[in-house]
Amino acid sequence: MAENESLVRMLKIAGYSEKAIDYYLKKVNVGVIEEVSPESFTGLCGDSMQIFLKVENGVIKDAKFQAIGCAGAFASGSAVTEMVKGKTLEEAEKITEEDVVNALGSLPKPKFHCARLAVDALKKSLEKYRQVRN
Ligand code: FES
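Residues numbered from 1 in each chain as written. Predicted model: local features only at pLDDT ≥ 70, side-chain atom pairs only at ≥ 80, totals over all residues. Heavy atoms only, no water.

Trainee: Looking at this model, I keep getting lost on the overall build of the protein chain. Mind explaining?
Mentor: If you tally the helices and strands in the protein chain, you get six helices and three strands. Along the chain direction, N to C, the helices and strands of the protein chain fall in the order α-α-β-β-β-α-α-α-α. For 134 residues, the compact-globule formula gives about 14 Å, and the C-alpha radius of gyration of the protein chain, at 15 Å, lands near that figure. Going through the 134 residues of the protein chain one by one, you find that 43% of them count as buried. (Helix = DSSP H or I, 4+ residues; strand = E, 2+ residues; numbered from the N terminus. Rg over C-alpha atoms; globule rule 2.2 N^0.38 Å. Buried < 20%, exposed > 50% of the residue type's maximum accessible area, 1.4 Å probe, protein only.)

Here it is, written out as structure tokens:
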């Protein structure tokens, strides 16, 4: 069995959706946007995430993230950075952990806090972008 195939199988058995697996394996939106350096957020599990935004006229045009974390953290980081594109800072603020899990399709229940990490990192980041804007 190829290495990736075995990993995909494990992720499926663990309860990750196809979309979450795809995001995790392709590392969708992993990267940095140089303009502003928002603070990272560290969750109770010890994993951290930093979310970068490109904001034009109050609208999020692009989003990237860096994370030290699990498959759930990477899938959630990808989901949240996809979800904020085209939203205003105020609209992005309303995204919840449940929205992230729903956008992914499914995450293993014990991994819901990874979606929380992405949402909390987003809130931390939005705080910074609001300061820059004012
Ligand atoms: Fe820490 Fe997933 S275990 S974010």
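On we go from here.
Trainee: Hey, could you run me through the pairing of strand S3 (residues 59-68) in this one?
Mentor: Across a regular strand the side chains alternate sides, sitting on one face of the sheet and then on the other. Pairing analysis gives nine bridges linking strand S2 (residues 48-56) to S3, with the strands arranged antiparallel. The residue of S3 that forms the bridge with methionine 49 is alanine 67. Linking two consecutive strands that pair antiparallel, namely S2 and S3, is a turn of two residues; a positive phi of about 50° is found at asparagine 57 within it. (Pairing = 2+ DSSP bridges.)

Trainee: What is the right way to look at the packing of helix H5 (residues 97-104) against helix H6 (residues 112-133) in this model?
Mentor: Helix-helix packing is described using two parameters, namely the angle between the two axes and the distance between the axes. Viewed as axis vectors pointing N to C, H5 and H6 meet at an angle of 115°, and their least axial separation amounts to 8 Å. Seen from above, H5 lies across H6 with right-handed handedness. Seen from H5, the contacting residues are Glu97, Val100 and Val101; seen from H6, they are Phe112, Ala115, Arg116 and Val119. Classifying every residue of the contact of H5 with H6 gives five nonpolar, no polar and two charged. (Axes fitted to C-alpha atoms, helices over the stretch in contact; angles between N-to-C directions. Left-handed = near helix turned anticlockwise from the far one by under 90°. Contact = heavy atoms within 4.5 Å. Nonpolar A, V, L, I, M, F, W, Y, C, P; charged D, E, K, R; others polar.)

Trainee: Explanation requested: the packing of helix H2 (residues 18-26) against helix H3 (residues 71-84) in the structure shown.
Mentor: Where H2 meets H3, the axes come as close as 8 Å, and the angle between the chain directions of the two elements is 95°. With respect to their mutual orientation, H2 and H3 come out roughly perpendicular. Residues Ala20, Tyr23 and Tyr24 of H2 touch H3, and the partners they reach there are Ala71, Phe74, Ala75, Ser78, Ala79 and Glu82. Here the contact of H2 with H3 is composed, by residue class, of seven nonpolar, one polar and one charged. (Parallel < 35°, antiparallel > 145°, perpendicular 65-115°, else oblique.)

Honestly, it's all geometry; don't read function into it.
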